[in-house]
Amino acid sequence: ASDLTLRQADLVIGMTRQHRSAAVALAPRLVRRSFTLKELARIARQLQLDHDPTTSTSERLRALVEEASRHRTPWWSPPCATSITWNGSISTTTR
């Protein structure tokens, strides 16, 4: 996609993180509106947004992008993180 096309985009979906990164490098303002396909699908499943039949597909997609941006987890987060607390002894909590 061209730089102009990207700058005008409401949503960018890349197949890989490298695709997403390349798009954001060309148009940094897209950082909150660009996702990998897998990431957007995972977030959409988690959000379970209401499918109001009176709203258009574009309105529902716009709402999904806004919510997905807020619920994004950094790609470097482990799927199951362990926190370590020091209070004289070590205790771990898995979330």
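Overview of the structure.

Here is what the cut-offs are and how they apply
- Residues numbered from 1 in each chain as written.
- Predicted model: local features only at pLDDT ≥ 70, side-chain atom pairs only at ≥ 80, totals over all residues.
- Heavy atoms only, no water.
- Salt bridge = Lys/Arg side-chain N within 4 Å of Asp/Glu carboxyl O.
- Helix = DSSP H or I, 4+ residues; strand = E, 2+ residues; numbered from the N terminus.
- Buried < 20%, exposed > 50% of the residue type's maximum accessible area, 1.4 Å probe, protein only.
- 1 Å grid on protein atoms, 1.4 Å probe; cavity = no way out; pocket = protein on both sides within 12 Å on 5 of 7 lines; lining within 4 Å.
- Points joined across faces, edges and corners; volume = space filled by probe spheres on them.
- Nonpolar A, V, L, I, M, F, W, Y, C, P; charged D, E, K, R; others polar.
- Expected span 1.5 Å × (residues − 1).
- Arc of directions from axis to C-beta.
- Contact = heavy atoms within 4.5 Å.

**Considerations on the pattern of salt bridges**
(1) Moving on: Under the criterion given, the structure shown has one salt bridge.
(2) Moving on: Here E67 and R70 are joined by a salt bridge, their closest N and O atoms 2.4 Å apart. Residue E67 and its partner R70 are both found in helix α4 (residues 57-71); the two are separated by three residues, about one turn of the helix.
(3) Moving on: The class of E67 is partly exposed, set by a relative accessible area of 23%.

**Considering the layout of surface pockets**
(1) Moving on: Here the second largest pocket defines a volume of roughly 230 Å³.
(2) Moving on: Around the second largest pocket, the lining is made up of 11 residues, and of these L49, H51, R60, L61 and L64 lie nearest the centre.
(3) Moving on: Within the lining of the second largest pocket, the residues separate by chemical class into five nonpolar, three polar and three charged.

**Details of α4**
(1) Moving on: Compared with an ideal rise of 1.5 Å per residue, which puts 15 residues at 21 Å, α4 spans 21 Å between its outermost C-alpha atoms and is within 8% of the ideal.
(2) Moving on: Taken together, the buried positions of α4 are L64, V65, A68 and S69. The buried residues of α4 occupy an angular sector of 130 degrees when the element is viewed end-on, so they sit on one face.
(3) Moving on: Those residues of α4 that are buried lie in contact with β2 (34-36) and α3 (37-47).

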